[in-house]
Structures are given as structure tokens and as C-alpha cells.
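Structure at a glance
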Amino acid sequence: MHAIVGENGAGKSTLMKILYGMQKPDEGTITVDGEQVTLSSPADAIARGIGMVHQHFMLADNLTVLENTVLGSEDLYGIGARARRRIKEISDAYGLGVRPDVLVEDLGVADRQRVEILKVLYRGARTLILDEPTAVLVPQEVDALFANLRELKAEGLTVIFISHKLGEVLSVADDITVIRRGTTVASVDPGDVTTKQLAELMVGSELPSPETRESTVTTTAMLTVEGLTLRTHDAEHGDRTVLDGVSFTIHEGEVLGLAGVEGNGQTELIDALIGTRHADAGTVTLGGENITRWVTRRRREGGVGYIPEDRHRHGLLLDAPLWENRVLGHVTEKPNSNGFWLNPKAARSDTERIVAEYDVRTPGIEVTAGSLSGGNQQKLIVGREMSHAPRFLIAAHPTRGVDVGAQAQIWDQIREARREGLAVLLISADLDELIGLSDTLRVMYRGRLVADADPATITPEELGTAMTGAASGHLEHEDGPHRAASPDTPDERPAAGSHDGGEDR
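In short, a report on the structure. This structure is a prediction, so every number in the text was calculated from the model and none was measured.

Now for the side chain of Asp131. For Asp131, the position within the fold is in strand S5 (residues 127-131). Aside from chain neighbours lying at most four places away, what touches Asp131 is Ser13, Val53, His54, Gln55 and Ile162.

Turning our attention to the layout of surface pockets. When its volume is computed, the largest pocket comes out at roughly 1,200 Å³. Lining the largest pocket are 47 residues, with Asp106, Leu107, Gly108, Arg240 and Glu268 positioned closest to its centre. Of all the elements in the fold, those that place two or more residues in the lining of the largest pocket are helix H6 (109-122), strand S9 (221-234), strand S10 (238-251), helix H10 (266-274) and helix H12 (311-314). At six residues, H10 tops the list of elements feeding residues into the lining of the largest pocket. Of the residues that constitute the lining of the largest pocket, the class distribution is 15 nonpolar, 14 polar and 18 charged.

This brings us to empty space enclosed by the protein. A full pass over the atoms with the stated rule returns five cavities of 30 Å³ or more. In this structure, the largest cavity occupies an estimated 120 Å³ of space. In terms of lining, the largest cavity is formed by 14 residues, of which the most central are Lys165, Thr399, Arg400, Gly401 and Asp430. Residue composition of the lining of the largest cavity, grouped by class: three nonpolar, six polar and five charged.

For the rest of this paragraph, the subject is the packing of helix H5 (residues 81-93) against H6. As a packed pair, H5 and H6 sit with axes 10 Å apart at the nearest point and diverge in direction by 115°. Judged by the inter-axis angle, H5 sits roughly perpendicular to H6. Of the two possible hands of crossing, H5 and H6 adopt the one that is right-handed. Of H6, the residues touching H5 (which contributes Ala83, Arg86, Ile87, Ile90 and Ser91) are Leu118, Leu121 and Tyr122. In terms of residue class, the contact of H5 with H6 is made up of six nonpolar, one polar and one charged.

At a minimum axis distance of 11 Å, the contact between helix H15 (residues 374-386) and helix H16 (residues 404-419) shows a crossing angle of 10°. Accordingly, the angle class assigned to the pair H15 and H16 is roughly parallel. In contact with Gln378, Lys379, Val382 and Met386 of H15, H16 contributes Ala406, Gln409, Ile410, Gln413, Ile414 and Ala417. The class makeup of the residues in the contact of H15 with H16 is six nonpolar, three polar and one charged.

Time to look at the pattern of salt bridges. Counted under the stated rule, the structure contains 22 salt bridges. Salt-bridge contacts for Arg348 lead to Glu366; the nearest nitrogen and oxygen are separated by 2.9 Å. Linking Arg348 in helix H14 (residues 344-357) with Glu366 in the loop between H14 and H15, this pair joins segments that are 18 residues apart in sequence. For Glu366, a relative accessible area of 48% puts it in the partly exposed group. Across the pair Arg418 and Asp439 runs a salt bridge whose closest N-O atoms are separated by 2.8 Å. Highlighted residues: Arg418 in helix H16 and Asp439 in the loop between helix H17 (431-437) and strand S19 (440-445), separated in sequence by 21 residues. Its relative accessible area of 1% is what places Arg418 among the buried residues.

Its 13 residues place the ends of H5 18 Å apart at the C-alpha level, agreeing with the 18 Å of an ideal helix rising 1.5 Å per residue. Restricting attention to buried positions, one finds in H5 the residues Ala83, Ile87, Ile90 and Ser91. Buried residues of H5 fall within an arc of 100° about the axis and therefore sit on the same side. Looking at H5, the residues exposed on the side facing more than 90 degrees away from the buried face are Ala81, Lys88 and Asp92. Of the surrounding secondary structure, the elements contacted by the buried residues of H5 are helix H3 (65-70), helix H4 (74-77) and H6.

Turning to the environment of Pro100, a few remarks are in order. Along the chain, Pro100 turns up in the loop between H5 and H6. Judged by its relative accessible area of 18%, Pro100 falls in the buried class. Here the alpha-carbon distance between Pro100 and Val115, two residues 15 residues apart in the chain, equals 9.3 Å. What Pro100 contacts, discounting residues up to four positions off in sequence, is Thr64, Val65, Leu66, Arg84 and Ile87.

Membership of the largest hydrophobic core comes to 47 residues, with the highest contact counts inside it found for Val5, Leu128, Leu149, Val169, Ile176 and Leu198. Take this core: its biggest share by element is six residues, from H6. Aside from chain neighbours lying at most four places away, what touches Leu149 is Met1, Leu130 and Val159. Ala259, Val327, Val402 and Ile435 belong to the second-largest nonpolar core, a separate cluster that totals 45 residues.

On to the packing of aromatic side chains. Inspection of every chain in the model, using the stated rule, returns three aromatic pairs. The interplanar angle of 90° and the centroid separation of 5.3 Å between the aromatic rings of Phe340 and Trp341 together place this pair among those described as edge-to-face. In this structure Phe340 comes out as exposed when scored by relative accessible area, which is 73%. The ring of Trp323 is capped by Arg348, whose NZ or CZ atom sits 4.1 Å from the centre of that ring.

A word on the sheet that holds strand S4 (residues 50-53). The strand order across the open sheet built from six strands is S4-S5-S6-S1-S7-S8, with neighbouring strands paired in mixed fashion. Each end of this open sheet is capped by a strand with a single partner; those strands are S4 and strand S8 (183-188). Neighbour-to-neighbour, the strand axes of this sheet turn through a mean angle of 20°, independent of strand direction. Where strand S7 (residues 175-180) and S8 come together, five bridges link them in antiparallel fashion. Following the sheet pairing, Val178 is matched in S8 by Ala186. Contacting S4 and S5, H6 crosses the sheet at an angle of about 175° to S4.

Criteria and cut-off values
Residues numbered from 1 in each chain as written. Predicted model: local features only at pLDDT ≥ 70, side-chain atom pairs only at ≥ 80, totals over all residues. Heavy atoms only, no water. Helix = DSSP H or I, 4+ residues; strand = E, 2+ residues; numbered from the N terminus. Contact = heavy atoms within 4.5 Å. 1 Å grid on protein atoms, 1.4 Å probe; cavity = no way out; pocket = protein on both sides within 12 Å on 5 of 7 lines; lining within 4 Å. Points joined across faces, edges and corners; volume = space filled by probe spheres on them. Nonpolar A, V, L, I, M, F, W, Y, C, P; charged D, E, K, R; others polar. Axes fitted to C-alpha atoms, helices over the stretch in contact; angles between N-to-C directions. Parallel < 35°, antiparallel > 145°, perpendicular 65-115°, else oblique. Left-handed = near helix turned anticlockwise from the far one by under 90°. Salt bridge = Lys/Arg side-chain N within 4 Å of Asp/Glu carboxyl O. Buried < 20%, exposed > 50% of the residue type's maximum accessible area, 1.4 Å probe, protein only. Expected span 1.5 Å × (residues − 1). Arc of directions from axis to C-beta. Core = buried A, V, L, I, M, F, W, Y, C linked by side-chain atoms within 4.5 Å. Phe/Tyr/Trp six-rings, centres within 6.5 Å; stacked < 30°, edge-to-face > 60°. Lys NZ or Arg CZ within 6 Å of the ring centre and 35° of its normal. Pairing = 2+ DSSP bridges.

Remember that the coordinates give geometry; whether it matters functionally is a separate question.
If you want it as C-alpha cells, here you go:
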């Protein structure tokens, strides 16, 4: 297991695309099993036993999991019963929990991740390239993934692993290569370096901490959600409730952290808050005004900022230049428009400001968003949203796929806006980030808020346990080993948003 680390734009993803035949190198050689090879396409790479799981997934939304898996490899196991059996064998062997007949568009980010890994294994890859594979996984899922990767390694497979989570890199890698601005700057043994030293090799600075020391929470409620319920219908499950009586309040200057395994209602909650889906019951109040029936544009104009969980699907137009992406979601607001007309000159000028202030590394604002690295795309989105002085910010995985330097920058921006009274709903798979930035923590499980915790005392392991539904109520330490309060303890109290504290336990 060989880890590749480096800051955003260092060339990690470009290097992986070359190894997967998606991009041709101008110079240099690639040798597989002692033989020099030319990889002109992904088909060449697959034929050589190289498989890649991209940071931004390469799946067809309108096809099922089975159809995505067999696409391009129909000659291996056909497209019917044999293929289905093989998918189930792989899924069961590596604990992927994949459902063959579900449409990919109905899956959350973590489930899409598993489908991508399944695709690679289905094709019989002997060398796996994993680009940020743990970005949206909770600790237990990360441990399971790493256990699977160790099994693969024991069977003779090679894993090339890109990650910005340096603790994970040190725990699983056999070798580490550090690249900076397209050049190898160090090759190290994991036993010889600390996370701090590795961060300094990458970006020349210490590993940042998300910890927030001072409290800025006021008594003024900015966002109040009461009894939010949302039902949906799909072919596999029929009618089901995806949000069940969710209630919470976020005050000015407060960060409410929401923990939960992907697919437990977080995405639907975001949709209901941003206005892309209307709830079947319940109310949403912003700054004392009922916005439950407001359309998305009006919510945006009213001060709702949004950092989406999937920047490619919901945050950017990849084929459009940066200045046009700066306009997205804020078309009717200054400086993007002046009354009825768009103002491209002012939008371009403000994009230049965002690029400078948020250290978006780009040749210019006329290049397409798709030409930037993932971390620089994220910095552009954060800069866009913070530029409109939101009153309430939905931040879904705000530092996913960004390097340690960019992480620190985004955390600082959220802290600064929080000091000025911003209310934030923070959804993240990085539990250290969630605990470090949040003033209040809630756990979401099967569409309900089932537990709450104090960020000052909770550990990532305890929070991860609650996310699996194994603990509810108020999570706190007891004497001896740290652990979450058991549902049977007398001091248990109902979770925020519950009907009577009697959630699934």
C-alpha cells in the first residue's frame, strides 16, 4: 500500500489519470510487472490489471448499480444472473452492502463510493488506485475499508492511496511519496515521520486543528426547525419517511454539527432547508420569519448560504469559466447583477478578489471550473458563499478533498463568520472537524435526531458508535473508559426533535 500525498494542485490526480490511461504523459516511462507499457486509454489500464476509484465518481445516475458495474465489461459475466451473483459475491466478501437494482441517482455519496470500489474489483484489478477513498466515511466504515484493503494486499494486490487525512496515511501505508507542484520532494517510511512532519513536507506548515476555543453563541435564534417531516416514494421501498419530526434551533454565532452515517436523512434535510424539496409537515423559520414555502431563490436572497456535499453535481458548472461559477446561486444579487441586468464586469472583478483572498490556484478566471483541482474548486465555492454575508450557512462536507492548508483557511472563514453572528449547520464525515468546530452536536439516524453530545467531552469513537444507532439520548462520559450513555441509564433524556425519546434503539 503506497500513499501519495501533497497539497491541492500538486499533481496527484493528474498522475493517477496518467496511470489509468486517461491522460498521456509528455515524457517518462511506466512499467507494470517489469514490462514498460503505454497506456492510451482506461481500457489499456484495465487490461493491465489497473483499476481506479476517482475522487469525483464516474457513474451514470440514470442506471442501476448492476448496470453501472457491468457497463463496458459485459463480456466478463454477461448482464444478467451471472453478473448479479458475482456482484453479490464481491459485495459480501468485502462488506460493501451494495444493492444491485437501486438507481445510482438515489444513492448518497458513501454508497456511490462503494459502487466504484465494486466496479474495480469486478473487473479483476490487481492494482487499485484510490483517490480520497475515506473522504465521506465514518471511523467504523474507514476501519472496515482498511481491513478490506489489507485483505486485498495479503492476496497480492497493490494499492495506491491518495489521502489528505495524514493520520490514516501513517496507519495503513507501507511507503509514502510526497509530491509538491508536480515533483517528488520526498519518499518516506511511515514509521519515520509524524503527521506534523508529513504536513510540513507537503505544504511547509504545521497540521491545522479544527478546534474552536471561544464561544460566540448568542440567545438570538436564527434558524428554527419544528417537526420537519418528509416522505418519499421509490420503486424498491415504496412509500417511506426520510425525515421524521426533526426539530432543532441554531442561534446567531452557533455551529450546530450534525453527525450521521450517509443515507440517514442528511441530504433530505439539506434539500428541505435550501428549498429544493418541500416538507410534508413542519416549519422552517429564519430570523423570525416563516420560510417554509419560500422557493430556493428567495431563501438565497434572504441570507441562506450553501456549500453542497457534492460540488460537481450541485455546486459548479464544470464547463463554465470561474466568473460564471461565481454568479451561480446569486444571480439576482450584487455584484453579479444590477437590477434587471447581469453585470459581467463586476462579477469578473469580484471573482478576481475571491481567487486572491481564498488562494484559488488558477491561471485566471476565464479557465473552466473543471480544469481546477478538487480543493481549488472547493475554495471557489466557499469564497462565493461567504461573499454574500449569509445569515445561515449550510456547510456539507466543507473540507472534503482539500489539503491541510486549505482546510485551515476554510475553518478560519467559518470561525470568523461565526464571530460575526453567522448560524451554521455543519454536516461532515470528518468527526474531528465536526467535534472541533461545533458548539452543539446532534446525531441523525433513520431520519430522526436520536442523540446529542457536548463537543468538549465527546470522542470520535463515541460519536461514531451513536451514528450506527447503538447509542441514543444524551451522550456523556462515565467513570472509567469513555463511552456513550447507554439507553438504559437513568439520566437519559429524549433527543432533540424526538416525539417522546422512544427512538429505534
